[in-house]
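As a plain string of letters, each chain reads:
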Amino acid sequence: MSLLPKLTALAVASVLLTACGGTTKDDAKTEAPAAGGGASANPNAPLKSGLKIAFLPKQINNPYFTIANKGGADAVSAFKGESKEVGPSDASASSQVSYINTLTQQKQDVIVISANDSNAVVPALKNARNAGIKVVTYDSDAAVAGRDVFINQASAEDIGRTEVQLLAKQIGNKGKIAVLSATPNATNQNTWIEFMKDELKKPEYKDIQLVKVAYGNDDDQKSFTETQGLLKSYPDLKGIISPTTVGIAAAARYLSGSPYKGKVALTGLGTPNQMRKFVKDGTVKEFELWNPADLGFLAAYAGGALASGQITGKEGETFEAGKLGKKTIGKDGVVILGPPTVFNTGNIDQFDF
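The structure reproduced in this document is the subject of the present report.

Thresholds, definitions, all that
- Residues numbered from 1 in each chain as written.
- Predicted model: local features only at pLDDT ≥ 70, side-chain atom pairs only at ≥ 80, totals over all residues.
- Heavy atoms only, no water.
- Helix = DSSP H or I, 4+ residues; strand = E, 2+ residues; numbered from the N terminus.
- Buried < 20%, exposed > 50% of the residue type's maximum accessible area, 1.4 Å probe, protein only.
- Polar contact = N/O pair within 3.5 Å; in protein donor to acceptor, adjacent residues only side chain to side chain.
- Phe/Tyr/Trp six-rings, centres within 6.5 Å; stacked < 30°, edge-to-face > 60°.
- Lys NZ or Arg CZ within 6 Å of the ring centre and 35° of its normal.
- Pairing = 2+ DSSP bridges.
- Axes fitted to C-alpha atoms, helices over the stretch in contact; angles between N-to-C directions.
- Contact = heavy atoms within 4.5 Å.
- Core = buried A, V, L, I, M, F, W, Y, C linked by side-chain atoms within 4.5 Å.

1. Points about the side chain of Gln-153
Within the fold, Gln-153 resides in the loop between strand S5 (149-152) and helix H6 (156-170). Residue classification places Gln-153 among the buried positions, given a relative accessible area of 7%. Among the polar contacts listed, one links the side chain of Gln-153 to the backbone oxygen of Asp-139, at a separation of 3.0 Å.

2. Description of the packing of aromatic side chains
Using the criterion set out here, one finds 10 aromatic pairs in the structure. Judged by centre distance (6.4 Å) and plane angle (85 degrees), the ring pair of Phe-351 and Phe-353 falls under edge-to-face. Three or more aromatic residues link up through ring pairs in this structure, and these residues are Tyr-64, Phe-65, Tyr-138, Phe-287, Phe-343, Phe-351 and Phe-353. When the ring centre of Phe-297 is taken as reference, the NZ or CZ atom of Lys-323 above it lies at 4.7 Å.

3. Focus on the sheet that holds strand S3 (residues 110-113)
Taken together, six strands build an open sheet; the order of strands is S2-S1-S3-S4-S5-S13 and the sheet is parallel. Bordering the open sheet on either side are strand S2 (82-85) and strand S13 (334-336), each of which pairs with just one other strand. Between one strand axis and the next, the sheet turns by 20 degrees as a mean value, whatever way the strands run. By the bridge criterion, three bridges tie strand S4 (residues 134-138) to S5 in an arrangement that is parallel.

4. Section: the sheet that holds strand S8 (residues 237-242)
Taken together, the four strands give an open sheet; going across it, the order is S7-S6-S8-S9, and neighbouring strands pair in parallel fashion. Edge positions in the sheet fall to strand S7 (208-215) and strand S9 (265-268), since each has one partner strand and no second. Along the sheet, successive strands turn relative to each other by an average axial angle of 20 degrees, direction set aside. Contacts between helix H9 (residues 245-256) and the sheet are confined to strand S6 (175-181), S8 and S9, with S9 contributing the most and set at about 165 degrees to the helix.

5. What to know about the environment of Ala-186
With respect to the helices and strands, the residue Ala-186 is situated in the loop between S6 and helix H7 (187-199). Of the residues examined, Ala-186 reaches a relative accessible area of 7% and is grouped as buried. Residues Ala-186 and Asn-217, spaced 31 residues apart in sequence, show a C-alpha to C-alpha distance of 9.2 Å.

6. Focus on the nonpolar core
If you look at the biggest cluster of nonpolar residues, it comprises 75 residues, and the most contacted ones within it are Ile-151 and Phe-319. A per-element tally of this core places helix H11 (residues 292-307) first, with 10 residues. Once residues lying within four places of it in the same chain are set aside, the contact partners of Ile-151 are Val-136, Thr-137, Tyr-138, Asp-139, Leu-295, Leu-298, Ala-299, Ala-302 and Val-335. By size, the runner-up hydrophobic cluster in this structure holds 17 residues, among which are Ile-111, Ile-113, Val-121 and Ile-133.

Put into structure tokens, the structure is as follows:
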């Protein structure tokens, strides 16, 4: 399951901004500078003021991206730049291309984009990079040839291990647990689950037993039924991890109306708006997801660092990202935001997505 496509279902329609230009067959053949290119970074270069940075989300007026891009705008304001947000009302594969072309014609310094399709946007992004524009992807990456750096929400290892850590704390490091996943062949889910299993090998979890990995196929009703089935098969189950926004919401709905409420711990990956009522009624104590405001904030600072010559996108380069501190560029130009944000009664009302 991809979490963020589920989030985009929350979006409401918006008026398309006028865009012009198109992608031609010749455009697709144009070679863009490789990450880092032949340029050398100057980490001591000052962060330029007056930079023009444009945010291009998957969909305009999507609550998730509204928060992310507000975080980005705050960062741009902090280093005295100019920010704008443009984008389509639909998340189709090619819907962002005309916006990229327009931003290129407007000579933006940086384009920060969450790609609807990793390949469809590449020819237009190559044109932008050939025009001297720096390209930062966030939330959803484009092919490496189309961007300078990618701001990734969290590492697979962080997600898998912290899910176990959250649940273990809630059940006192003892008891039977299950995982309610999306589909059996979901790459990200399976990677997270492998890290969960590896985390469970640690001595402190010797009294925790993973009894089953169930699959709700990212379908609300099936996930609800699978949760019911888990409790029927394992009436002494102590906890469930559901690393899917659909699964955790369905599991919480079942538990909230069952005798297991407050007795079976539930955690996973969810959004504050879908989980708020379950946190407040005691069904769920804590769950996690990355903070989209910080994601946008980091993307903006990465763009500023690129446009100022502090970094080029090469592995090992570092840059300062304001309140988020120093960040290091990893393999293939990937920058990790950090561990997911944990949501509970103490902070859940601070988020709206």
